[in-house]
2 protein chains.
Amino acid sequence: MAEQRIGYLGPKGTFTKMAVDGLFDGGTYIGYESIPACLDAVENGEVDTGVVPLENAIEGSVHLTIDYLVHQVNQSIIAELTVPIKQHLLVHPDHHNHDLKKIYSHSHAIAQCHQYLHKNYPQAELEYTASTGRAAEIVADMGTGAAAIGNHLAAEENGLKILAENIHDYDNNHTRFAVVQKNPMTLKVKDQFVTKQKTTVMVTLPKDYVGALHQVLAAFAWRKMNLSKIESRPMKTGLGNYFFLIDVDQPYDQILFPGVQAELEALGCQLKILGTYPSYQLDIPSPIRRA
Amino acid sequence: MAEQRIGYLGPKGTFTKMAVDGLFDGGTYIGYESIPACLDAVENGEVDTGVVPLENAIEGSVHLTIDYLVHQVNQSIIAELTVPIKQHLLVHPDHHNHDLKKIYSHSHAIAQCHQYLHKNYPQAELEYTASTGRAAEIVADMGTGAAAIGNHLAAEENGLKILAENIHDYDNNHTRFAVVQKNPMTLKVKDQFVTKQKTTVMVTLPKDYVGALHQVLAAFAWRKMNLSKIESRPMKTGLGNYFFLIDVDQPYDQILFPGVQAELEALGCQLKILGTYPSYQLDIPSPIRRA
């Protein structure tokens, strides 16, 4: 059997790559520079599986992933992976007691370390990059006097050392990643802790009217189906036209879900299953290097 | 009376700056490099008013804005502004029939022009930048052979010319911007089309249980209050703890809203008004230069 080919949002050293390393047990890994490029590669068969951020992401927007899955490609979510976000301050190995004049990272990562930076490096100039992985590459090229904010993998991949660990302002910060396939095949993953089975559905309304969402949710509520996330997103047909994205905390079955579907269709709504999948939780190993 | 000081998500030539130019009738404008930096400037009184993207944004994430407003600062949304997103291909004025080797932009802007780029410039290397404004700056420095994707203001501000207009794949793409203040004062704006009055509320649940959101929405639905957006967002206290962000299509009043509040508090929920405000719609003028 051929080795599985896995595409992910790169470059090397991103949180997405960390998710991939944690989940998969071998295969060919290909980093893509954007979420659409990664999903396109899945669509045209360049890779078998794609991994992209879905919620609370650092590099990239949830909305971009959702909208692309809904509008541009025809793929299923076959797993999700939750990864704790731990940000570190990364410097060149030659850096010792130099002043830090510039700190590079993605704007979201800088925002997550806002209080730390304000307290410890009020004078440093903040430079925004397209990803935390890119920030680490830049600092590796520049040498001393600059730092990047990123994860321990970005340090390893770029030969940087960690000057300060866990500099993010809030603990309990996680990113959810979606694992997607066009032609669902078995996923060969490491032994992981499966927290629960989930199903993501998309509901479109015939038109906007008062109480529409309340009516949609009734179909789930009276069946005692728990929803762990709901979001309204604009259709691309103009402002005011919305669809709903709903995460249900149970696997798809042939009794409850067809019942919900029939009830919603009677209201003029449409229901599409974007995926039914296990939810994996990833523990992040401690950083291996320290200044 | 002192001139109003307005902070916005910069650099010059971003869609946020275009929103600011469209809405305000004079004042001192200060561009900030990130959403948190802009909201911090409002918080510490460096500016009177801040303008940041709220939904379907190009430069920056909705989530970052929402989370920062909810967790980090104490400000009110006093207006929203909806701006159509039109992307153009921008080149150096010396560019004539050169090959385009590299195309620079924010990953969301590149995603929005995906089909156009794939069809017209399949060979060009795509380079991701922190904002569309930054992409235009880079191309202005580089000269011929490169292009940026951005709006007409980015062309003007950086002395670039427009090689191709409206290269975005979907029409009807809009960004919503929030206008925020710490100490609400009168907003001096140009004559704008106010589409409606809206109120944004945040609802937190005592704990997650089946049908919770359905119960919350009932308080709005039976009062025939129309909701134009709803989103569940994780609290920063760990996965699984959510709050709801709800846009109601009417101004705050002393009858319906206190009724909703009392009903939700009886369920153990908390309701916080993030703002009640006019919704402005901005028309974008046509580009003034063309290659």
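Being a predicted model, the structure only gives us computed values, none of them experimental. (Residues numbered from 1 in each chain as written. Chains lettered and ligands numbered in written order. Predicted model: local features only at pLDDT ≥ 70, side-chain atom pairs only at ≥ 80, totals over all residues. Heavy atoms only, no water.)

## Quick notes on the sheet that holds strand β5 (residues 88-91) of chain A
Residues and elements named next belong to chain A.
Move 1: Across the sheet, 5 strands lie side by side as β7-β6-β8-β5-β9; this open sheet has mixed pairing. Among the strands making up the open sheet, the edge pair consists of β7 (125-128) and β9 (161-164). For this sheet the average axis-to-axis angle between neighbouring strands, irrespective of direction, equals 35°.
Move 2: As paired strands, strand β6 (residues 102-105) and β7 are joined by 4 bridges and run parallel to one another. Considered in β7, the bridge of K102 is made with E125.
Move 3: Across the face of the sheet, helix α6 (residues 132-142) comes into contact with β5, β6 and β8 (146-150) while running at roughly 155° to β8. (Pairing = 2+ DSSP bridges. Helix = DSSP H or I, 4+ residues; strand = E, 2+ residues; numbered from the N terminus. Axes fitted to C-alpha atoms, helices over the stretch in contact; angles between N-to-C directions. Contact = heavy atoms within 4.5 Å.)

## Side note on helix α3 (residues 62-71) of chain B
Move 1: A large share of α3(B) lies buried, amounting to 9 of its 10 residues.
Move 2: Within the span of α3(B), buried status applies to V62(B), H63(B), L64(B), T65(B), I66(B), D67(B), Y68(B), L69(B) and V70(B). (Buried < 20%, exposed > 50% of the residue type's maximum accessible area, 1.4 Å probe, protein only.)

## Notes on the interface of chain A and chain B
Interfaces are often described in size by the accessible area the parts lose on coming together.
Move 1: Across the boundary between the two partners, chain A contributes 51 residues, which contact 50 residues of chain B.
Move 2: Between chain A and chain B lies a buried interface of about 4400 Å² when both sides are counted; carbon and sulfur atoms form 58% of it.
Move 3: In this assembly, chain A and chain B are joined by 0 salt bridges.
Move 4: Here chain A and chain B share 9 residue pairs in polar contact (both at pLDDT 80 or more) between them.
Move 5: Broken down by secondary-structure element, the contributors of at least two residues to the side of chain A that touches chain B are α2 (35-43), α3 (62-71), α4 (107-112), α5 (114-120), β7, α8 (212-221), β12 (227-234) and β13 (242-248) of chain A.
Move 6: It is β12(A) that contributes the most residues to the side of chain A that touches chain B, 7 residues altogether.
Move 7: Looking at the side of chain A that touches chain B residue by residue, the classes come out as 22 nonpolar, 20 polar and 9 charged. (Buried area = accessible area lost by both parts, 1.4 Å probe. Salt bridge = Lys/Arg side-chain N within 4 Å of Asp/Glu carboxyl O. Polar contact = N/O pair within 3.5 Å; in protein donor to acceptor, adjacent residues only side chain to side chain. Nonpolar A, V, L, I, M, F, W, Y, C, P; charged D, E, K, R; others polar.)

## Remarks on the pairing of strand β14 (residues 270-281) of chain A
On a regular strand, each side chain points to the face opposite its neighbour's, so the side chains alternate between the two faces of the sheet.
Residue and element names in this part refer to chain A.
Move 1: Sheet topology places strand β4 (residues 76-84) next to β14; 3 bridges connect them, and they run parallel. Paired with T82 across the two strands is Q281, which belongs to β14.
Move 2: Where strand β11 (residues 193-204) meets β14, 11 bridges bridge the pair, whose relative direction is antiparallel. Paired with V194 across the bridge in β14 is Y280.

## Considering the relation of the copies chain A and chain B
Move 1: Screw-axis analysis of chain A against chain B gives a translation of 0.0 Å along the axis, an RMSD of 0.0 Å, and a rotation angle of 180°. Both chain copies can therefore be described as sitting about a two-fold axis. Scanning chain A for the C-alpha nearest the rotation axis identifies E231(A), at a separation of 2.1 Å.
Move 2: Most of the interface of chain A is mirrored in chain B: 98% of its interface residues are interface residues there too. (Least-squares fit on C-alpha atoms with pLDDT ≥ 70 in both.)

## Quick look at the UniProt feature "site: Essential for prephenate dehydratase activity" (unreviewed entry) in chain A
Move 1: Annotation from UniProt places "site: Essential for prephenate dehydratase activity" (unreviewed entry) at T175(A).
Move 2: Structurally, the position occupied by T175(A) is in strand β10 (residues 174-181). (UniProt positions renumbered as here; feature names shortened; annotations may be inferred.)

## Remarks on the layout of surface pockets
Move 1: Of the voids in this model, the second largest pocket is the one considered here, and its volume is about 540 Å³.
Move 2: As for the second largest pocket, its lining consists of 22 residues, and the residues nearest its centre are A37(A), D40(A), H114(B), H118(B) and L126(B).
Move 3: Those elements giving two or more residues to the lining of the second largest pocket turn out to be β2 (28-32) and α2 of chain A together with α4 (107-112), α5 (114-120) and β7 (125-128) of chain B.
Move 4: Class assignment for the residues of the lining of the second largest pocket results in 12 nonpolar, 6 polar and 4 charged. (1 Å grid on protein atoms, 1.4 Å probe; cavity = no way out; pocket = protein on both sides within 12 Å on 5 of 7 lines; lining within 4 Å. Points joined across faces, edges and corners; volume = space filled by probe spheres on them.)

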